[in-house]
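Structural overview for review
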Amino acid sequence: MFGPEQGHFALALACILALTQFILPLWGAARQDRRMLALAPLLAVSQLVALALSFFCLVWSATHDDFSVQNVAANSAIAKPLLYKITGTWGNHEGSILLWALILGVCGAAVAAFGRNLPAILRARVLAILGGVSAGFQAFCLLTSDPFARVWPAPPDGQGMNPLLQDPGLAFHPPILYTGYVGFAVPFAFAVAALIEGRVDAAWGRWVRPWAVAAWCFLTCGIALGSWWSYYVLGWGGYWFWDPVENASLIPWLTGTALVHSAIVVEKREALKIWTVLLAIATFSFSLSGTFLVRSGILNSVHAFANDPARGIFILGLLAVVIGGSLLLFAWRAPSLVAGGMFAPLSREGSLVLNNILLCSICAVVVTGTMYPPFAQLLFGRTISVGKPFFDATTIPLTLPLLGAMAFGTMLPWKRAQMSPLLHRLRIAGLLAVVALGVACWTLSGPLPILCAVGAVWVIGASVTDLAGRLGVSRLSLAHSWARAQSLPRSAFGAALAHIGAGVTVLGLCGMSQAQHAIVDVKVGQTETLAGYEWTLLDVRDAQGPNYRAMIADIAIRRHGHLVTVLHPSKRDFSSQHQTTTEVAIRTNLLADLYGVIGDRHGSGADTTYVLRLHYNPLAPWMWLGGLIMAIGGGLSLSDRRLRVGAPKKAASIRAEATS
């Protein structure tokens, strides 16, 4: 039997194991007791087993309609489809915190499994830090957010799930996003362990980088999936609204991107040690802060959970311990870290430093725009709204030089570079950028979209040129180029793909800046014109869904008299939740989206009209395609043997590096 009592007991057991995992390995590391050090991996795996059992019990309660569990009664219903009964377990506050704890347990077990070649003391300390963070979140679950709390008498049916969450995209968005958030706990633990030990070297950078890249990949996918959900579910025709909770995920992504790049410098040149440790702490701190902001009631957001302040106070205390404690440790121990080698401004290290400065500057702008309104309300009693105009005006000027610098990074040698060879290698990318400038001036309106489009083409062209140069394209035969491709590290392909993905996303954003839309009130059979297309409302009909009633429209789209497609947007009424949602219809050819939404019905009989929202969105798919390419690039880098945690180098490789 997998009931709520078993789930609650398993969660309590996991919390005890997490506390033990925090205390014993740290004590063993201080005493250099091998028996205590050896307990760390076993405790991490045991904690994961207990958490997995606890989470399975919650899913079991939801799928078996156990409405005596308050969480199930508030977020599920008998008529709810099975998929959303399962995914609905993390579509609420209590379940999402348990999912967070489960993913953190997976991270700890992964370090235990894949970190066997780490020094025993370092691995024990890393697992201890992860155990301490896990214990905090599990205590939060048990004390203020119990997912297994009972309700009596049990209702015959539940209240059902928020209809907006009954969508495959959002069903899998939280686990992917949380994996990105929680994944940065591993670099954080490595940073704290390094501060305790007082040593950061190239090996530390090599151990940290794979975990940072993996977390960055998941966070990229999670943000892209959430943006896509906003685009095709909310029916507003947009993809990013600078919502405070959207920003809460963007902030750690920016610092995480900086962390991935700075860890390279630590690994290759043993420079930027203190800065990289600080970035590791800051990135996970921002992830935790996002959790606090969502659940504390500080931020007003369509994404925020409505919860009592007691939960916010608990998370605030947890933040004070985790973030405050790590920063105090950093202030105490960072000066003892030995600085690395010197390098010239014009070098790969210099370009990565510029990359970090610009990314962190954008992060600072987003943090300021997100947090200023609540602090202004708290300190001065003034209600201030900071929206898209502010963020566009402040982030785009910083993004443009970032795009310019991205082209140089992979082409520059370490330590010192010469300008003339670099410009020679970038000549093709420069030519493409000039061509892009002409095309952008012809097709885009506004200086910022034009400059961003040119910067995106510059980045893509430079990435392709760099790969072509490494493979000897146009200089060597096809067989020799293929041989080079097989010997080239996968991380080189991954970095190029990630940069290309960033350029593709920026091109999508530039295209969306030229989007056209119209809101019309039409009768059946009436035609409207938008972006050179004729949009005709053919019919509107009613239909019955599993747990809703729907009004479905048929919209024919023609161009120059030829039928392009027929869209079928709908409007759904969920009677049990007394809520109405829209289902967008989209036709895409990857170059543009034709996007239709049906709204309210007015009048009756022959005078009945329907509100339609019509959009023409050029290059819209490129935004999410770019995110996917970036994540694939990161995954390809992770497949490189040299980036695997603790992967020892072959003797031949070591000798080759020693003679180079």
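Residues numbered from 1 in each chain as written. Predicted model: local features only at pLDDT ≥ 70, side-chain atom pairs only at ≥ 80, totals over all residues. Heavy atoms only, no water.

A few words now on the overall build of the chain. Within the chain, the secondary structure is distributed over 21 helices and 10 strands. Relative to the compact-globule value of 26 Å for 660 residues, the chain shows a C-alpha radius of gyration of 27 Å, a close match. When the backbone C-alpha atoms are referred to their principal axes, the chain occupies close to 85 × 70 × 55 Å. Relative to its full complement of 660 residues, the chain shows a buried share of 54%. A total of about 28700 Å² of accessible surface is found on the chain, and carbon and sulfur atoms cover 67% of it. (Helix = DSSP H or I, 4+ residues; strand = E, 2+ residues; numbered from the N terminus. Rg over C-alpha atoms; globule rule 2.2 N^0.38 Å. Buried < 20%, exposed > 50% of the residue type's maximum accessible area, 1.4 Å probe, protein only. Areas by Shrake-Rupley, 256 points an atom, 1.4 Å probe, with all protein chains shown as cover.)

Let us now look at the nonpolar core. Nonpolar side chains in soluble globular proteins tend to be buried together. Grouped together as the largest cluster of nonpolar side chains are 130 residues, with contacts concentrated most on Leu130, Phe190, Trp204 and Val277. With residues near it in sequence (within four places) discarded, phenylalanine 190 still touches Leu118, Leu122, Val126, Trp204, Trp207, Val208 and Trp211. (Core = buried A, V, L, I, M, F, W, Y, C linked by side-chain atoms within 4.5 Å. Contact = heavy atoms within 4.5 Å.)

We now examine the packing of helix α9 (residues 202-233) against helix α10 (residues 244-269). Between α9 and α10, whose axes approach to 8 Å, the crossing angle comes to 155°. It follows from the interaxial angle that α9 and α10 lie roughly antiparallel. Here the hand of the crossing between α9 and α10 comes out left-handed. Class assignment of the residues belonging to the contact of α9 with α10 gives a composition of 15 nonpolar, 6 polar and 4 charged. (Axes fitted to C-alpha atoms, helices over the stretch in contact; angles between N-to-C directions. Parallel < 35°, antiparallel > 145°, perpendicular 65-115°, else oblique. Left-handed = near helix turned anticlockwise from the far one by under 90°. Nonpolar A, V, L, I, M, F, W, Y, C, P; charged D, E, K, R; others polar.)

This part covers empty space enclosed by the protein. Counted by the stated rule, this structure contains 1 cavity of 30 Å³ or more. As a volume, the largest cavity reaches approximately 40 Å³. Per element, the largest residue contribution to the lining of the largest cavity is 3 residues, and it comes from helix α3 (residues 70-75). (1 Å grid on protein atoms, 1.4 Å probe; cavity = no way out; pocket = protein on both sides within 12 Å on 5 of 7 lines; lining within 4 Å. Points joined across faces, edges and corners; volume = space filled by probe spheres on them.)

Attention shifts here to the environment of phenylalanine 137. Tracing the sequence through the fold places phenylalanine 137 in helix α6 (residues 120-144). Taking the relative accessible area as the measure of exposure, phenylalanine 137 reaches 2% and is therefore buried. Along the primary structure phenylalanine 137 and threonine 581 are separated by 444 residues, whereas in three dimensions their C-alpha atoms are 34 Å apart.

For helix α14 (residues 388-409), which comprises 22 residues, the first-to-last C-alpha distance of 30 Å matches the rise-based estimate of 32 Å (1.5 Å per residue) to within 8%. For α14, the principal kink sits at threonine 395 and spans about 30°; a proline, proline 397, occurs within the next four residues. Buried residues belonging to α14 abut α10, α13 (348-380), α17 (447-471) and α19 (490-512). (Expected span 1.5 Å × (residues − 1). Bend = angle between axes of the 7 residues up to and from the residue.)

This part covers the packing of aromatic side chains. Aromatic ring pairs are described here by two measures, namely the spacing of the ring centres and the angle between the planes. Within this structure, the stated rule accounts for 20 aromatic pairs. Ring geometry for tyrosine 231 and tyrosine 595: centres 5.0 Å apart, planes at 50°, overall tilted. A residue pair is termed long-range when its members are at least 10 positions apart, and tyrosine 231 in helix α9 and tyrosine 595 in strand β9 (residues 592-602) qualify at 364 residues. Judged by relative accessible area, which is 0%, tyrosine 595 ranks as buried. Considering the side-chain rings of tryptophan 240 and tryptophan 242, the 6.2 Å spacing of their centres and the 90° angle between planes classify their relative orientation as edge-to-face. A relative accessible area of 17% places tryptophan 240 in the buried class. (Phe/Tyr/Trp six-rings, centres within 6.5 Å; stacked < 30°, edge-to-face > 60°.)

Turning our attention to unusual backbone geometry. Of the consecutive residues tryptophan 152 and proline 153, the connecting peptide bond is found in the cis state with omega at 0°. Residue position: proline 153 is located in the loop between α6 and α7 (168-183). Of note in the backbone geometry, lysine 415 takes a positive phi value of approximately 75° without being a glycine. Within the secondary structure, lysine 415 is located in the loop between α14 and α15 (419-425).

With that settled, consider the sheet that holds strand β1 (residues 516-522). Taken together, the 4 strands give an open sheet; going across it, the order is β1-β10-β9-β8, and neighbouring strands pair in antiparallel fashion. One side of each edge strand has no neighbouring strand; the edge strands of this open sheet are β1 and β8 (585-588). With strand direction ignored, the average angle separating the axes of adjacent strands in the sheet is 15°. Of the strand pairs in this sheet, β1 and strand β10 (residues 609-618) are connected by 7 bridges, and their pairing is antiparallel. Residue pairing for β10: aspartate 521 is matched across the bridge by valine 611. (Pairing = 2+ DSSP bridges.)

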